Structure formats: C-alpha cells, structure tokens
Amino acid sequence: MAATQVLIVFNPVSGSGNRRIVEAVQQALSNRGCDVSLYPTQSAGDATRYLAAYEGQLDVVAVAGGDGTINEVVNGLRERDNQSYRLALIPTGTVNVLAAELGIGKTPEGIADIILQGREKPIYLGSVNERRFVLMAGIGYDAWVVDNVDLALKKKVGKLAYVLSMLKQLRHFGKKTYQLTVDGERYQANSVVITNGRYYAGSFVLSRQADLSKPTTQVLMISGNSPLKFIGILLGLPLGIMEKMPGMKSVAARHVQIELLNAGTEREPVQADGDSLAELPLNLQMEGSPVRLLVP
Ligand SMILES: Nc1ncnc2c1ncn2[C@@H]1O[C@H](COP(=O)(O)OP(=O)(O)OP(=O)(O)O)[C@@H](O)[C@H]1O
C-alpha cells in the first residue's frame, strides 16, 4: 500500500510558534511509515496561495497554527478541484477555538494517532463576501474588538490583548444598528455573531444550538443601546447561557445578508475566524459540501 502523504502547513508566527511540537509530530508520523512534508508559511496569505497552487497528492493536510491559519488553509484547499484530502489540526495558535471544540490535544503522539486512525467529522464552511470561514463571523462590537486588537501586544500577552480591546470598544456598543435578512426574514440588531461552532474565545460555550456538522450556521443577534446592559449579556458567556440572555435572539440559517442602517461612508469591518477579513455589506452563505476533519 502507498504511504499516506501528509503535508504539514506550519505558521511560525502563530501563538507560541511551537516548532518543537510540529517536528515531533513529523517524526512520529515518519516513524509510522507516512510520507511527511513540512511547509512553513512565509507571510499572511501565503498558506492560501500555496495550497491553491499545490499539485501533488494530498491525503492529509495538517494545519500547525491557530484558527487564522486554518482559515487560510481551507481557503486555499477549496480552490482545488480535488477534494480527496482530509484535514488535521496541530494546535499551536494563541486560542485554538476549533481544536478546543473538537477535543484535539497538544501531545505529538496523540496528534499522530488522530492523523492515522482518527474519525472523519464533516465540517460545513460558510463564506462571507467570497471568503470562507470555518468557525464564525462577527459584525459590530465583535468585529471592532478584532479590528482594533494591538497585534504587537497580542504577541507579548496573548488573549489579554483581546480583553483590553473589548474594554476599549465597550463605549461604542449600541451606537450602530444593522439590518439583517436571515433566510428571507428581516431583523435589526446592534451587534451580530454568526457561529458554526459552539465555542467562542477558547472553551466558552456561545451557542448550544450550533453544530459544526450541520449545514446551517447560528445567527446570534444582540439588541440594546446601553453598554451596561451589554456587559450583563457578556456575563452570560462564561456561564454558557449567553444565547438565552434578554436582548439576544438566536436563529439557524443558511443565507444571511447584513448592512448598516443609515450607512455613511465609514468602513464597517467583519471578523471571520478571529481576523478582520471583510467589510459590510455582507453576503454570507453556508456551503453545501463539508470538509472532512480528523478528530479523536
Ligand atoms: N509567516 C508568516 N508571517 C506573518 N504572518 C503570518 C505568517 N503565516 C501566517 N501568518 C498570519 O498569522 C495570522 C495569525 O495566525 P493564527 O491565527 O494561526 O495564530 P494565532 O492568532 O496565534 O491563533 P488564534 O487564531 O487561534 O488565536 C494568520 O491569520 C496569518 O494571516
């Protein structure tokens, strides 16, 4: 039987940038007879370009990085005609929301086990204005926090940089209203988080209705114009009850359009998978065919 071809795409600047884990996984796979190659990314966007142009056989593409690197990899892979590959995760990012949700640990032998004997889980992707996302998209407060996070500080203090950005953006909450069309139904909200998965910012349960293996996404609409009330809603996050807080509405959907009500000329960012990747007006669509992800 031909050896399993594993390509590891490694982002050396993501999170801890832990090359040691990546090399140990590479070694463990080689020891077990796989044909492994390692591609360290050169810059932001490089993983997408590299995979879109990749011509060799791909049995497993293992992503060594965080959620942003996974996003870049799936965007590159979806450009290819051949969808025979499976995805695997080597979590070396700052937060690693997807790996946390799927229960993928950080021990090299455990990761090699998943790559060789793991179960295939179908994961449905969404796209925002043509850009794919795996986990989530955010508009309003959530997007401002990501758009304004101090990246140099994130390198030094990790997640704390997001907490500081959250505090800075709080006073703007409620100043803008968004018009949504969710599978044909019209809504208004002051902030929106759209999530394929259950987890947010690590292992906090954002939505109990969301499921990565469902072809729908969960649209969480937050209404209100008082930052103080919004803090109350946010407190539901560590308790896993945010979706049920007063002022929240959660709807499953396949197609979402969002624009800023009374839009002027200002830029309105959209965050996807933790990076600022698009702008309003937004056209979000769930894709019909899932990627296959290897899980324990
Ligand atoms: N060689 C590189 N140099 C600079 N930036 C890179 C390089 N390779 C990838 N990137 C960018 O680094 C960004 C951050 O990576 P990633 O999200 O994987 O790590 P993280 O932010 O530490 O983790 P998480 O998203 O889980 O918090 C990616 O969105 C990607 O655009």
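Being a predicted model, the structure only gives us computed values, none of them experimental. (Residues numbered from 1 in each chain as written. Predicted model: local features only at pLDDT ≥ 70, side-chain atom pairs only at ≥ 80, totals over all residues. Heavy atoms only, no water.)

A. Up close: the overall build of the chain. Helices and strands together make up the secondary structure of the chain, namely nine helices and 20 strands. Whereas a compact globule of 296 residues would reach a radius of gyration of roughly 19 Å, the chain reaches 19 Å, a difference of no more than 12%. Projected onto the principal axes, the alpha-carbon positions of the chain cover approximately 60 × 40 × 35 Å. Here the chain holds 296 residues, and 52% of them are scored as buried. (Helix = DSSP H or I, 4+ residues; strand = E, 2+ residues; numbered from the N terminus. Rg over C-alpha atoms; globule rule 2.2 N^0.38 Å. Buried < 20%, exposed > 50% of the residue type's maximum accessible area, 1.4 Å probe, protein only.)

B. Fine view of the site of the ligand. By nearness alone, 20 residues border the ligand, and G15, T69, E72, T94 and K154 come closest of all. Interatomic distance of 2.5 Å between a side-chain N/O atom of T94 and an oxygen atom of the ligand. Considering only residue class, the shell around the ligand consists of three nonpolar, 13 polar and four charged. (Near = heavy atom within 4 Å. Polar contact = N/O pair within 3.5 Å; in protein donor to acceptor, adjacent residues only side chain to side chain. Nonpolar A, V, L, I, M, F, W, Y, C, P; charged D, E, K, R; others polar.)

C. Fine view of the sheet that holds strand 14 (residues 217-222). Pairing within the open sheet is antiparallel, and its six strands lie in the order 15-14-11-8-17-18. With partners counted over all chains shown, the strands left at the sheet margins are strand 15 (248-253) and strand 18 (275-279), one partner each. Neighbour to neighbour, the strand axes of the sheet diverge by 25 degrees on average, direction disregarded. (Pairing = 2+ DSSP bridges. Axes fitted to C-alpha atoms, helices over the stretch in contact; angles between N-to-C directions.)

D. Highlighting the sheet that holds strand 19 (residues 282-286). Spatial strand order, 7-6-19-16-9-10: six strands in an open sheet with antiparallel pairing. The open sheet has two edge strands, strand 7 (131-133) and strand 10 (185-189), and neither has a second partner. Direction aside, neighbouring strands of the sheet carry axes that sit 20 degrees apart on average. Taken together, the four bridges between strand 16 (residues 255-260) and strand 19 define a ladder with antiparallel strand orientation. Residue pairing in the sheet places H255 in a bridge with Q285 of strand 19.

E. A look at the domain arrangement of the chain. Each assigned domain of the chain is listed here: domain 1 (5-117) and domain 2 (131-288). Distance from the C-alpha centre of domain 1 to the C-alpha centre of domain 2: 27 Å. At the junction of the two partners, domain 1 supplies 19 residues and domain 2 supplies 22 residues. Taken together, the two surfaces of domain 1 and domain 2 that pack against each other cover about 1,600 Å², and 58% of this comes from carbon and sulfur. Three residues, N71, V97 and E101, lead the burial of domain 1 against domain 2; their summed loss comes to 34% of the area buried on that side. For the interface between domain 1 and domain 2, the tally reads two salt bridges. Counting across the interface, domain 1 meets domain 2 through ten residue pairs in polar contact (both at pLDDT 80 or more). (Domains from an automatic or database assignment. Contact = heavy atoms within 4.5 Å. Buried area = accessible area lost by both parts, 1.4 Å probe. Salt bridge = Lys/Arg side-chain N within 4 Å of Asp/Glu carboxyl O.)

F. Just the side chain of D59, in detail. Among the secondary structure elements, D59 is positioned in the loop between helix 2 (46-53) and strand 3 (60-65). Although D59 is buried, it forms no salt bridge, and the closest oppositely charged side chain is R86 at an N-O distance of 5.6 Å. A polar side-chain atom of D59 sits 2.7 Å from the main-chain amide nitrogen of Q5. Other than its neighbours up to four places away in sequence, D59 contacts A3, T4, Q5, S84, Y85 and R86. (Lys, Arg positive; Asp, Glu negative; His and termini not counted.)

G. Main features of the nonpolar core. In this structure, L87, L180 and I258 are the most contacted members of the largest nonpolar core, which totals 93 residues. Counting contributing residues per domain, this core is built from domain 1 (5-117) and domain 2 (131-288), each supplying no fewer than three. Look past the residues within four positions of L87 in its chain and what remains in contact with it is V61, V63, V73, V74, L77, V291, R292, L293 and L294. (Core = buried A, V, L, I, M, F, W, Y, C linked by side-chain atoms within 4.5 Å.)

H. Highlighting the packing of helix 2 against helix 3 (residues 67-77). Two elements in contact, helix 2 and helix 3, have axes whose closest approach is 7 Å; the angle formed by their N-to-C orientations is 25 degrees. Relative to helix 3, the element helix 2 lies roughly parallel. Crossing of helix 2 against helix 3: the hand is right-handed. Facing D46, A47, T48, L51 and A52 of helix 2, the residues of helix 3 in contact are E72, V73, N75, G76 and L77. (Parallel < 35°, antiparallel > 145°, perpendicular 65-115°, else oblique. Left-handed = near helix turned anticlockwise from the far one by under 90°.)

I. Spatial organisation of helix 3. The element helix 3 is largely enclosed, with a buried count of eleven among its eleven residues. Within the sequence span of helix 3, burial applies to D67, G68, T69, I70, N71, E72, V73, V74, N75, G76 and L77.

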